Amino acid sequence: MSAFKYYHQAQSKMEIPLLAGDNAFLGDVFSSDKRDPEKPISCGLYRLKKGEPLVYTYTYDEMKIILEGDYTISDETGQKVEAKPGDVFYFPKGSTITFTTTDYGLAFYCGQRVESAF
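Rules and cut-offs
Residues numbered from 1 in each chain as written. Predicted model: local features only at pLDDT ≥ 70, side-chain atom pairs only at ≥ 80, totals over all residues. Heavy atoms only, no water. Helix = DSSP H or I, 4+ residues; strand = E, 2+ residues; numbered from the N terminus. Polar contact = N/O pair within 3.5 Å; in protein donor to acceptor, adjacent residues only side chain to side chain. Contact = heavy atoms within 4.5 Å. Salt bridge = Lys/Arg side-chain N within 4 Å of Asp/Glu carboxyl O. 1 Å grid on protein atoms, 1.4 Å probe; cavity = no way out; pocket = protein on both sides within 12 Å on 5 of 7 lines; lining within 4 Å. Points joined across faces, edges and corners; volume = space filled by probe spheres on them. Nonpolar A, V, L, I, M, F, W, Y, C, P; charged D, E, K, R; others polar. Pairing = 2+ DSSP bridges. Axes fitted to C-alpha atoms, helices over the stretch in contact; angles between N-to-C directions.

Going by an unreviewed UniProt entry, the protein carries the name Ethanolamine utilization protein and comes from Ophiostoma piceae.

The subject of this paragraph is the side chain of Asp-28. Along the chain, the position of Asp-28 falls in strand β2 (residues 24-31). A polar atom in the side chain of Asp-28 sits 2.6 Å from the side chain of Tyr-109. Looking at Asp-28, its side chain comes within polar contact range of the side chain of Arg-113, at 2.7 Å. Excluding its chain neighbours within four sequence positions, the residues that come into contact with Asp-28 are Met-14, Ser-42, Cys-43, Gly-44, Tyr-109, Arg-113, Val-114, Glu-115 and Ser-116.

For the coordinates displayed, the defined rule picks out three salt bridges. Residues Asp-28 and Arg-113 are paired through a salt bridge, measuring 2.7 Å at the closest nitrogen-oxygen approach. With Asp-28 in strand β2 and Arg-113 in the segment after β10 (104-111), this pair connects stretches of sequence that are 85 residues apart. Residue Lys-34 is joined to Glu-115 by a salt bridge in which the shortest nitrogen-to-oxygen separation is 3.6 Å. Taken as a pair, Lys-34 in the loop between β2 and β3 (42-49) and Glu-115 in the segment after β10 lie far apart in primary sequence, 81 residues in all.

Right, let's talk about the layout of surface pockets for a bit. Taken as a whole, the largest pocket spans an internal volume of roughly 160 Å³. Lining the largest pocket are Ser-2, Ala-3, Lys-5, Phe-30, Ser-31, Ser-32, Asp-33, Lys-34, Arg-35 and Glu-115. Residue composition of the lining of the largest pocket, by class: two nonpolar, three polar and five charged.

What follows is about the sheet that holds strand β9 (residues 96-100). The pairing of strands in a sheet comes from backbone hydrogen bonds and takes either a parallel or an antiparallel form. Taken in spatial order, the four strands make up an open sheet running β4-β9-β6-β7, and their pairing is antiparallel. Pairing within the sheet leaves two strands with one partner each, and these edge strands are β4 (54-57) and β7 (80-83). Across the sheet, the mean angle from the axis of one strand to that of its neighbour is 20°, orientation sign disregarded. Alignment of strand β6 (residues 71-75) against β7, held across four bridges, turns out to be antiparallel. Across the sheet, the residue bridging to Tyr-71 is Ala-83, located in β7.

Put into structure tokens, the structure is as follows:
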């Protein structure tokens, strides 16, 4: 039996690593890939600051909840949403998603992938 993991105040204290450009940050908080390599799941925080859009093609299924700020989220089908705190998204494997913001946005994600597979 394993004990649960805990990251105190992750939303406000975690230093999220740079992902792309100079304004897109993403960092895993926890991952199950070492315990269950056949069905990994990773979660963490995604922050985008005003500037260059992030265009990302998912190689795994992911769910995301907007915590702070705002995002404009669109996909290759033409769907476009002005996302606010409390909104929840599901991005299926193979989808290409464009993220932009008017100022900044912070989101929590949970994806079916190994740790830091971006």
